[in-house]
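Understanding the architecture of this molecule
What follows is each chain in one-letter form.
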Amino acid sequence: MPNDSPQSPASVEKISLPRTSESETLKKIRHTTSHVMAMAVQKLFPKAQVTIGPWVENGFYYDFDNPEPFTDKDLKAIKKEMNKIINRKLPVVREEVSREEAERRIKAINEPYKLEILADIKEEPITIYHLGEEWWDLCAGPHVENTAELNPDAIALESVAGAYWRGDETKAQLQRIYGTAWETPEQLAEYQRRKQEAQRRDHRKLGRELGLFIFADPVGPGLPLWTPKGTVLRSLLEDFLKQEQLKRGYLPVVTPHIARIDLFKTSGHWQKYKEDMFPMMAEDEESRQAEQGFVLKPMNCPFHIQIYKSELRSYRDLPMRLAEFGTVYRYEQSGELGGLTRVRGFTVDDSHLFVTPEQLDQEFLNVVDLILSVFRSLQLKNFRARLSFRDPASDKYIGSDEAWEKAEGAIRRAVETLGMEHFEGIGEAAFYGPKLDFIFQDALEREWQLGTVQVDYNLPERFDLEYVAEDGTRKRPVMIHRAPFGSLERLIGILIEEYAGDFPLWLAPIQVRLLPVTEEQLPFARDVVSQMRSLGMRAEVDESGERLGKLIRNAETEKIPVMAVVGAKEMESNSLSIRTRAAGELGLIAVPEVIDRMKDAIANYREF
């Protein structure tokens with residue numbers, strides 16, 4: 001894939017940027033730096049009250065209640081004050097006190113938010129961390145032993161954002177200052193370089209520039225609207241997967257967007273997932289109180305189960321593989337929405353396989369093979385497999401220990417059979433079953449969950465699913481839930497950023513644009529485009545009348561994979577002067593050869 005940035009990730013020496021959760025050293029540095037920042041803020045802004053200040057995976061933040069909004073100028077002053085505090089080499093001292101003593105001290109400095117935080121701390125004694133003898137906060141740690149261990153040149157304050165106390169929109173509006181801290185200035189520089197590259201690749205920015213999708217206030221946040229070009233892109237991905245599925249024996253189905261609450265009570269979604277679902281639609285208050293109404297579906301599986309259950313199935317009917325590009329709805333908090341990667345309405349490439357216990361292992365392997373095939377076609381190579389299992393200590397899961405052990409065992413056998421590199425994610429399972437998740441690492445080493453496969457013994461039990469076995473007895477099928485893409489919205493957002501908007505030829509909304517030098521070449525160019533379109537190619541003529549240099553620049557800006565210049569020479573020889581984003585100038589090529597090469601490249605998911 002081409003990368004037209006001045007400095008691509010591969011062109012610099014590899015510098016490791018571990019997440020906070022992967023480095024105890026960074027955890028201490030970032031936790032301590034957040035305290036240093038809070039101390040600096042309260043020195044410069046005595047009316048500011050601190051709330052919480054945790055580390056996050058790439059840095060830290062602290063939430064403040066301050067009468068005036070912080071500005072960029074304030075951030076510079078805060079960073080300068082932080083440098084002073086660090087250079088004073090203050091000891092970071094842990095102290096244990098009783099709950100009563102902690103409460104007394106908090107009241108003495110008039111910090112009401114800390115009183116709320118104290119009330120939520122269940123363990124005793126209460127731990128306090130001091131920076132020298134001038135500043136302290138409630139904290140469980142960990143921290144460095146002295147501010148001298150922090151490198152001021154490896155710390156940066158990044159931005160200010162709004163945040164509600166406790167994440168509750170009915171509570172106080174706070175100001176959140178984000179920062180990052182590293183062990184070395186070189187790590188900070190690499191982090192900032194990657195951040196700039198991420199901004200260049202930002203799918204929200206590129207999606208708008210390339211005319212793929214929009215968000216509109218009258219429609220609502222988290223609800224994307226797809227333009228003609230974006231719809232072409234979605235359709236290409238759908239058609240690609242549908243063709244692969246048909247080859248593998250999947251049966252297409254279509255289900256509604258809403259259903260009775262009772263359906264989701266049976267599945268367990270209403271009990272376990274209610275907070276993430278849109279509110280119930282009821283005819284009247286009596287129905288509302290009785291929880292008799294309809295909801296927008298958060299999942300497709302209960303609908304596919306109803307199709308399976310609509311008639312008695314035989315072992316000869318299994319495996320039954322039902323597939324749907326089904327749009328689902330999640331009532332995400334507005335502050336958690338992010339372009340296409342976190343939305344309120346999204347389309348899942350969902351399929352549910354109903355299999356006999358004996359068929360489970362092979363069908364699971366077949367699903368994994370499909371997912372890997374999809375990744376190859378999309379040029380997604382850098383991923384890990386996560387075994388997303390339940391946390392036995394949590395009460396969020398349904399079903400018996402025996403069902404979970406059988407399901408988790410099937411996933412373990414699959415990855416061991418395939419020799420697939422994997423790691424375990426305890427607590428990452430769906431509430432009804434464990435999963436094999438594919439965690440993709442993009443060009444900037446950020447991780448995203450894409451494809452997923454789940455083994456489920458619980459929903460067949462809850463819905464009393466059966467099939468007639470070979471011996472005439474009734475038996476329970478096992479379900480496999482799978483989605484190679486995960487969701488079309490998230491996948492497209494990730495692909496835009498991974499390709500930096502420069503889609504491979506087969507996936508580009510416009511594959512080739514003809515650029516006539518003068519109006520005399522327009523009829524010839526239109527005829528060539530007509531030939532290409534008749535073969536299913538997405539071709540167009542630029543009829544703007546601009547000078548050739550501008551036509552080329554426009555096509556490059558719009559990231560058209562193939563550009564074909566048409567002048568008098570080309571028209572006379574029935575040829576095109578081909579220029580591609582992937583390989584540059586290819587010279588004069590006869591029209592029939594261009595068309596044949598285009599057909600071959602598209603069919604085999606290659607560049608021209």
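Residues numbered from 1 in each chain as written. Predicted model: local features only at pLDDT ≥ 70, side-chain atom pairs only at ≥ 80, totals over all residues. Heavy atoms only, no water.

1. Some thoughts on the overall build of the protein chain
Helix and strand content of the protein chain: 19 helices and 28 strands. Taken over the C-alpha atoms alone, the protein chain extends approximately 90 × 75 × 55 Å along its principal axes. By the burial criterion, 52% of the 608 residues in the protein chain qualify as buried. Considering only contacts within the protein chain whose residues lie at least 6 apart along the sequence, 70% involve residues at least 24 apart. Accessible area for the protein chain stands at about 28,500 Å²; split by element, carbon and sulfur atoms hold 48% of it. For the protein chain, the distance from the average site of its 81 positive side-chain charges to the average site of its 99 negative ones is 2 Å. (Helix = DSSP H or I, 4+ residues; strand = E, 2+ residues; numbered from the N terminus. Buried < 20%, exposed > 50% of the residue type's maximum accessible area, 1.4 Å probe, protein only. Contact = heavy atoms within 4.5 Å. Areas by Shrake-Rupley, 256 points an atom, 1.4 Å probe, with all protein chains shown as cover. Lys, Arg positive; Asp, Glu negative; His and termini not counted. Charge placed at Lys NZ, Arg CZ, Asp CG, Glu CD.)

2. Considerations on the sheet that holds strand β22 (residues 474-475)
Across the sheet, which stays open at both edges, the three strands sit in the order β14-β21-β22 with mixed pairing between neighbours. The sheet is open, and its two borders are formed by β14 (313-314) and β22, each paired with just one other strand. With two bridges joining them, β14 and strand β21 (residues 467-468) adopt parallel strand pairing. Considered in β21, the bridge of S314 is made with V468. (Pairing = 2+ DSSP bridges.)

3. What about the domain arrangement of the protein chain?
Splitting the protein chain by domain gives domain 1 (20-191), domain 2 (213-255 + 315-498) and domain 3 (512-603). Look at where the C-alpha atoms of domain 2 and domain 3 centre, and you get two points 40 Å apart. (Domains from an automatic or database assignment.)

4. Some remarks on the pairing of strand β20 (residues 447-456)
Side-chain positions along a regular strand alternate between the two faces of the sheet. With eight of 10 residues buried, β20 is to be regarded as a mostly interior element. In this structure, β20 lies alongside strand β23 (residues 478-483), joined through five bridges in antiparallel fashion. Of the residues in β23, the one forming a bridge with D456 is M479.

5. A word on helix α19 (residues 591-603)
With 13 residues, α19 should reach 18 Å at 1.5 Å per residue; the first-to-last C-alpha distance of 18 Å fits that figure. On its buried face, α19 is in contact with β24 (512-516), α16 (522-534), β26 (562-566), β27 (575-580) and β28 (584-590). Just beyond α19, the residue with positive phi is Y605, at close to 55°. (Expected span 1.5 Å × (residues − 1).)

6. Let's talk about unusual backbone geometry
Cis geometry marks the peptide bond from E124 to P125; its omega dihedral reads 5°. The topology assignment puts P125 in the loop between α4 (112-120) and β5 (126-131). Residue P142 is bonded to the preceding G141 through a cis peptide linkage, with omega at 5°. With respect to the helices, strands and loops of the structure, P142 is situated in the loop between β6 (135-138) and β7 (155-164). Unlike most non-glycine residues, N110 shows phi in positive territory, near 55°. As for its position among the elements, N110 is in the loop between α3 (99-108) and α4. Phi angles above zero are rare outside glycine, and N574 is one such case at about 50°. For N574, the position within the fold is in the loop between α18 (568-572) and β27. The class of N574 is partly exposed, set by a relative accessible area of 34%.

7. Some thoughts on the sheet that holds strand β25 (residues 539-541)
Strand order in the open sheet formed by five strands is β25-β24-β26-β27-β28, and the pairing between neighbours is mixed. Two strands close off the open sheet at either side, each with one partner strand: β25 and β28. Each strand axis lies, on average, 25° off the axis of its neighbour in the sheet, ignoring direction. Across the sheet, α16 touches β24, β25, β26 and β27, and the angle it forms with β25 is around 170°. α19 contacts β24, β26, β27 and β28 of the sheet and is inclined by roughly 120° relative to β28. (Axes fitted to C-alpha atoms, helices over the stretch in contact; angles between N-to-C directions.)

8. Focus on empty space enclosed by the protein
Inspection of the entire model under this criterion finds three cavities of 30 Å³ or more. Estimates place the volume of the largest cavity at around 110 Å³. If you trace the largest cavity, you find it lined by L210, L212, K229, G501, F503, A508, P509, I510, E558, K559, I560 and P561. Looking at the lining of the largest cavity, its residues break down into eight nonpolar, one polar and three charged. (1 Å grid on protein atoms, 1.4 Å probe; cavity = no way out; pocket = protein on both sides within 12 Å on 5 of 7 lines; lining within 4 Å. Points joined across faces, edges and corners; volume = space filled by probe spheres on them. Nonpolar A, V, L, I, M, F, W, Y, C, P; charged D, E, K, R; others polar.)

9. Quick notes on a nonpolar patch on the surface
A cluster of nonpolar side chains, I214, V219 and L225, forms an exposed patch at the surface whose accessible area comes to about 220 Å². Considering the arrangement of structural elements, one finds V219 in the loop between β9 (213-214) and β10 (225-226). Looking at V219, the relative accessible area reads 42%, which means it is partly exposed. (Patch = residues over 30% accessible without salt bridge, like charges linked within 9 Å, V, L, I, M, F, W, Y side chains within 5 Å. Salt bridge = Lys/Arg side-chain N within 4 Å of Asp/Glu carboxyl O.)

10. Quick notes on the pattern of salt bridges
On inspection of all chains with the given rule, the structure shows 53 salt bridges. Where E190 meets R194, a salt bridge forms, and the shortest distance between an N and an O atom there is 2.8 Å. Linking E190 with R194, this pair stays in helix α5 (residues 185-201), spanning four residues, or about one helical turn. Among the residues examined, E190 registers a relative accessible area of 7% and is labelled buried. According to the relative accessible area criterion, R194 is buried, its value standing at 10%. Overlapping salt bridges bring together R19, E22, R384 and E447 as one network.

11. Concerning the nonpolar core
The biggest cluster of nonpolar side chains holds 59 residues, and the ones touching the most others in it are L237, L378, F485 and L507. With nine residues, helix α12 (residues 360-377) is the single largest residue contributor to this core. Once residues within four sequence positions are removed from consideration, F485 is found in contact with L237, F240, L241, F325, D349, V374, L378, L450, G451 and L491. Ranked by size, the runner-up nonpolar core spans 31 residues in total, among them A38, M82, V92 and L131. (Core = buried A, V, L, I, M, F, W, Y, C linked by side-chain atoms within 4.5 Å.)

12. As for α4
Where α4 is concerned, the buried positions are Y113, K114, I117 and L118. The buried residues of α4 occupy an angular sector of 140° when the element is viewed end-on, so they sit on one face. Packed against the buried residues of α4 are β1 (49-50), β3 (59-65), α3, β5, β6 and β8 (173-181). (Arc of directions from axis to C-beta.)

13. Digging into the packing of aromatic side chains
For the structure shown, the criterion picks out 20 aromatic pairs. A ring pair is formed by Y113 and W165, whose centres lie 5.0 Å apart and whose planes are at 75°; its orientation type is edge-to-face. Pair noted here: Y113 is in helix α4 and W165 is in the loop between β7 and β8, with a separation of 52 residues, a long-range link. Of the two residues examined, Y113 and W165, each falls in the buried class. Ring centres of F213 and F215 lie 6.0 Å apart, and the angle between their planes is 85°; on these two criteria the pair is classed as edge-to-face. (Phe/Tyr/Trp six-rings, centres within 6.5 Å; stacked < 30°, edge-to-face > 60°.)

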